[in-house]
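What follows is each chain in one-letter form.
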Amino acid sequence: MAREQQVRSTDRFPVTLPVIFGGAPFVGEGVLTDLSASGCAITCHRTVVAGSYVRLNVLLPDQSPSLAIELGKIRWVRDQVFGVEFIRLPAIARQQLDQTIWIRYLRSLRRTTIA
């Protein structure tokens, strides 16, 4: 059976941001490698399970408080990378996330305009 191509509802932007994550039986550290308004991908050496719920704290550049995702769900796991769908964010976290994505979007426009 052919595997269906998943269509993303929001653009993802490449990033390299430190992240601390935790679920019921585990806590880990990794690197957030792409980011969107609805989720992210994380690279780490810790084993995680698809379907688990996690809390994330992302260390953003030039911002003193970390981006706190209160609730996320691990949607997929491939080797040392896993994808998280954001389920619950406090209002301040939503503002931080939107600002971070906006900055990444503007940078991507500059790169395509220059090229």
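Worth saying up front: this structure is predicted, and the values here are computed from it rather than measured.

Draft legend 1. Layout of the overall build of the protein chain. Secondary structure assignment for the protein chain yields one helix and six strands. Beginning at the N terminus, the succession of helices and strands in the protein chain can be written as β-β-β-β-β-β-α. Buried positions account for 36% of the 115 residues belonging to the protein chain. Restricting to contacts in the protein chain with at least 6 residues of sequence separation, those with at least 24 account for 49%. As displayed, the protein chain offers around 7500 Å² of accessible surface, 54% of which is attributable to carbon and sulfur atoms.

Draft legend 2. The arrangement of the packing of aromatic side chains in detail. In this structure the tally under the stated criterion is four aromatic pairs. Ring centres 6.2 Å apart and planes at 65 degrees place the aromatic pair F21 and F26 in the edge-to-face group. We classify F21 as buried; its relative accessible area is 1%. Ring pairing ties together the aromatic residues F13, W102 and Y105, which thus form one cluster. Seen from the ring of W76, R78 lies directly overhead, with NZ or CZ sitting 4.3 Å from the centre.

Draft legend 3. Geometry of unusual backbone geometry. Of note, D79 is a non-glycine position whose phi angle comes to about 55 degrees, a positive value. In this fold, D79 is placed in the loop between β5 (67-78) and β6 (81-88).

Draft legend 4. Quick peek at a nonpolar patch on the surface. Nonpolar side chains collect at one region of the surface, where W102, Y105, L106 and L109 lie side by side and expose about 370 Å² of accessible area between them. Take L106: its relative accessible area is 35%, and that puts it in the partly exposed class.

Draft legend 5. Quick peek at the pairing of strand β2 (residues 27-35). By the bridge criterion, eight bridges tie strand β1 (residues 13-22) to β2 in an arrangement that is antiparallel. In the strand pairing of β2, L17 is matched with L32. A loop of four residues connects β1 with β2, the two strands running antiparallel in sequence. Here four bridges tie β2 to strand β3 (residues 39-43), and the two strands are oriented antiparallel to one another. When the sheet's bridge partners are listed, L35 is paired in β3 with C40. Linking two consecutive strands that pair antiparallel, namely β2 and β3, is a turn of three residues.

Draft legend 6. Spotlight on the sheet that holds strand β4 (residues 53-58). Ordered in space as β1-β2-β3-β6-β5-β4, the six strands form a closed barrel in which the pairing is antiparallel. For this sheet, the mean angle separating the axes of adjacent strands, direction not counted, is 45 degrees. Sheet analysis places β3 next to β6, joined by five bridges and oriented antiparallel. Paired with G39 across the bridge in β6 is E85.

The rules behind each value
Residues numbered from 1 in each chain as written. Predicted model: local features only at pLDDT ≥ 70, side-chain atom pairs only at ≥ 80, totals over all residues. Heavy atoms only, no water. Helix = DSSP H or I, 4+ residues; strand = E, 2+ residues; numbered from the N terminus. Buried < 20%, exposed > 50% of the residue type's maximum accessible area, 1.4 Å probe, protein only. Contact = heavy atoms within 4.5 Å. Areas by Shrake-Rupley, 256 points an atom, 1.4 Å probe, with all protein chains shown as cover. Phe/Tyr/Trp six-rings, centres within 6.5 Å; stacked < 30°, edge-to-face > 60°. Lys NZ or Arg CZ within 6 Å of the ring centre and 35° of its normal. Patch = residues over 30% accessible without salt bridge, like charges linked within 9 Å, V, L, I, M, F, W, Y side chains within 5 Å. Salt bridge = Lys/Arg side-chain N within 4 Å of Asp/Glu carboxyl O. Pairing = 2+ DSSP bridges. Axes fitted to C-alpha atoms, helices over the stretch in contact; angles between N-to-C directions.

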